[in-house]
Amino acid sequence: MMPPMTSALLPLLLVALQGSPAVAEGLQEALQARLAAFVAESGAPGVSAGLVTADGKAYALAAGLADVEQRTPLRPDDRLCAGSQGKTFVAAVALQLVQEGKLALDDLVGEHLGGEEWFERLPNAGELTLEHLLTHRTGLVRYEFDPDFARRLRAEPDHVWRPAELVAYALEKPPAFAAGAGFQYSDTNYILLGMVIEHVSGKTLYEEVERRLLAPLGLEGVDPQDGRSLPGLVQGYLEPNDPFTGSERTLLDGRFVINPQFEWAGGGFLANGGTLARWARALYEGDVLAPELRARMIDGKEARELGRGMKYGLGCQVWPGPHGTSVGHGGFFPGYLTEMRYWPEHRVAVAVQVNASRFALVPKLGALCGELLELTL
């Protein structure tokens with residue numbers, strides 16, 4: 001078990017990724033104090049955080065520990081698995097292809113993947129559209145929750161998963177509803193979306209994300225989660241008897257205890273809070289997408305499964321809140337949790353990550369995002 005944390009074991013590091021010496025020291029100190037308090041109050045080993053203010057100044061911060069046993073401080077440039085937040089990269093690539101006329105939201109998935117021998121065994125195969133995939137309105141089950149998948153993931157930690165192997169766990173399973181008739185979050189949708197992107201572009205999904213998004217925006221520190229050895233990844237901590245890993249720590253002798261490569265288009269990236277906050281600002285305010293397509297991306301429909309008042313758009317969660325509507329995405333991967341939010345009304349982006357996947361931390365991360373926003377208002 002993870003030993004208890006005390007305030008004496010809470011080293012804190014704070015740097016500014018961009019901005020000028022004129023950045024108010026008071027804001028830096030307030031951000032520092034709030035993160036230190038969060039680690040002390042929540043019991044999370046460490047927290048990586050980023051914030052971009054309305055005037056474009058960006059901060060990267062880290063508090064707590066990257067490795068509890070070694071007492072290693074978490075640094076702002078350390079990386080954590082970002083979980084489903086990676087869907088925002090995948091959705092942005094798909095929507096750029098829509099913008100270029102290479103895809104359309106009402107394209108039938110069968111137009112692109114119908115030649116695969118397994119396609120007709122996919123529930124709702126004939127009715128699925130690109131928009132259904134982006135919005136989780138396919139009715140397809142989650143492959144990653146299949147007990148047989150989890151058993152094989154643990155038993156064969158060096159196995160490299162092909163997308164078709166993942167989709168196979170959803171074949172011939174009864175759909176939750178007819179295509180478009182409801183909402184049910186499922187990584188299977190984004191595995192199919194990644195396959196469509198590769199089919200249309202002729203390049204790998206990771207190549208397209210790098211070429212279209214990471215390189216042009218200078219988002220250093222975001223890398224594919226493509227194997228068991230991931231440089232710069234900090235230790236993650238899990239609940240006892242975690243079904244995916246069977247372990248309470250993600251890394252053993254520097255290698256992931258399972259192959260995190262399986263997540264692929266369902267998430268599939270390492271990052272830190274500072275870089276994710278900059279990505280949120282670029283995606284929801286910059287020129288990654290044309291304004292009309294960006295507006296459509298964040299125009300969510302009811303997604304009650306995600307929580308009271310929640311909506312989901314095109315690869316985008318939409319939260320109601322006391323400071324107005326925020327858009328972005330959350331993320332879970334064994335050992336790590338992420339929350340990335342942008343408030344259009346205030347033009348402020350916030351991202352936070354912890355190296356623990358206790359679900360009791362999820363609402364606390366959302367609250368922390370709001371608290372960091374408040375410090376800028």
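Residues numbered from 1 in each chain as written. Predicted model: local features only at pLDDT ≥ 70, side-chain atom pairs only at ≥ 80, totals over all residues. Heavy atoms only, no water.

Caption draft 1: Layout of the environment of Ala94. With respect to the secondary-structure elements, Ala94 resides in helix H2 (residues 87-99). In this structure Ala94 comes out as buried when scored by relative accessible area, which is 0%. Sequence separation between Ala94 and Thr204 is 110 residues, and the spatial gap between their C-alpha atoms is 13 Å. Aside from chain neighbours lying at most four places away, what touches Ala94 is Leu103, Leu193 and Ile197. (Helix = DSSP H or I, 4+ residues; strand = E, 2+ residues; numbered from the N terminus. Buried < 20%, exposed > 50% of the residue type's maximum accessible area, 1.4 Å probe, protein only. Contact = heavy atoms within 4.5 Å.)

Caption draft 2: Structural view of the confidence of the model for the protein. On average, residues of the protein carry a pLDDT of 93, and 94% of them reach 70 or more. Here residues 1-23 is a poorly scored stretch, pLDDT under 50, and it has 58 contacts once near neighbours within four places are set aside; other chains count. (pLDDT = per-residue confidence, 0-100.)

Caption draft 3: H2, seen in detail. Compared with the 18 Å implied by 1.5 Å per residue over 13 residues, the 18 Å span of H2 between its first and last C-alpha is a close match. Among the 13 residues of H2, twelve are classified as buried, and the element is accordingly described as predominantly covered. Of the residues one or two after H2, Gly101 is the one with positive phi, at around 80°. (Expected span 1.5 Å × (residues − 1).)

Caption draft 4: Region of the structure containing the packing of H2 against helix H8 (residues 205-217). Packing of H2 against H8 leaves a shortest axis separation of 10 Å and a crossing angle of 80°. When the axis of H2 is compared with that of H8, the two are roughly perpendicular. For the pair H2 and H8, the contacting residues are Phe89, Val90, Ala92, Val93, Gln96 and Leu97 in the first and Leu205, Glu208, Val209, Arg212, Leu213 and Leu214 in the second. Taken together, the residues of the contact of H2 with H8 sort by class into nine nonpolar, one polar and two charged. (Axes fitted to C-alpha atoms, helices over the stretch in contact; angles between N-to-C directions. Parallel < 35°, antiparallel > 145°, perpendicular 65-115°, else oblique. Nonpolar A, V, L, I, M, F, W, Y, C, P; charged D, E, K, R; others polar.)

Caption draft 5: Main features of the nonpolar core. Counting 91 residues, the largest nonpolar core has Leu122 and Phe256 as the members making the most contacts within it. It is H2 that provides the largest number of residues to this core, a total of nine residues. Each residue touching Leu122, except ones within four places of it in the same chain, is listed here: Leu128, Leu140, Val167, Leu171 and Leu192. Grouped together as the second largest cluster of nonpolar side chains are 27 residues, Tyr59, Val350, Val354 and Leu361 included. (Core = buried A, V, L, I, M, F, W, Y, C linked by side-chain atoms within 4.5 Å.)

Caption draft 6: Focus on the environment of Gln85. As for its position among the elements, Gln85 is in the loop between strand E5 (80-81) and H2. Taking the C-alpha atoms as reference, Gln85 lies 9.2 Å from Cys316; in sequence the two are 231 residues apart. Leave out the neighbours within four places in its chain, and Gln85 touches Leu276, Trp279, His329, Gly330, Gly331, Thr338 and Met340. A polar side-chain atom of Gln85 sits 2.7 Å from a polar atom in the side chain of Thr88. (Polar contact = N/O pair within 3.5 Å; in protein donor to acceptor, adjacent residues only side chain to side chain.)

Caption draft 7: A look at the sheet that holds E5. With antiparallel pairing, the three strands of this open sheet are ordered in space as E5-E9-E6. A strand with exactly one partner marks an edge of an open sheet, and here the two such strands are E5 and strand E6 (223-224). Where E6 lies against strand E9 (residues 269-271), two bridges are found, and the strand directions are antiparallel. Bridge pairing in E9 places Pro224 opposite Phe269. (Pairing = 2+ DSSP bridges.)

Caption draft 8: Expanded view of the pairing of strand E14 (residues 336-343). Of all eight residues in E14, eight are buried, a share of seventy percent or more. Burial along E14 is two-sided: the face carrying Tyr336, Thr338, Met340 and Tyr342 and the face carrying Leu337, Glu339, Arg341 and Trp343 are both buried. Bridge count for strand E13 (residues 326-333) against E14 is seven bridges, and the pairing is antiparallel. If you follow His329 over to E14, its bridge partner there is Met340. Hairpin remark: E13 followed by E14, antiparallel, with two residues in the connecting loop; positive phi at Gly335, about 100°. Relative to strand E15 (residues 348-354), E14 runs antiparallel, the two sharing seven bridges. Bridge pairing links Leu337 to Val354 in E15. The hairpin formed by E14 and E15 contains four residues between the paired strands, and Arg347 there has a positive phi angle of roughly 60°.

Caption draft 9: Expanded view of the pairing of strand E3 (residues 58-67). With ten of ten residues buried, E3 is to be regarded as a mostly interior element. One ladder, built from seven bridges, connects strand E2 (residues 46-52) with E3; its direction is antiparallel. When the bridges of E3 are listed, Gly46 appears paired with Gly64. The hairpin turn running from E2 into E3, its antiparallel successor, is five residues long, and Gly56 in that turn takes a positive phi close to 90°. Of the strand pairs in this sheet, E3 and strand E4 (residues 72-73) are connected by two bridges, and their pairing is antiparallel. Residue pairing across strands places Leu65 opposite Pro73, the latter belonging to E4.

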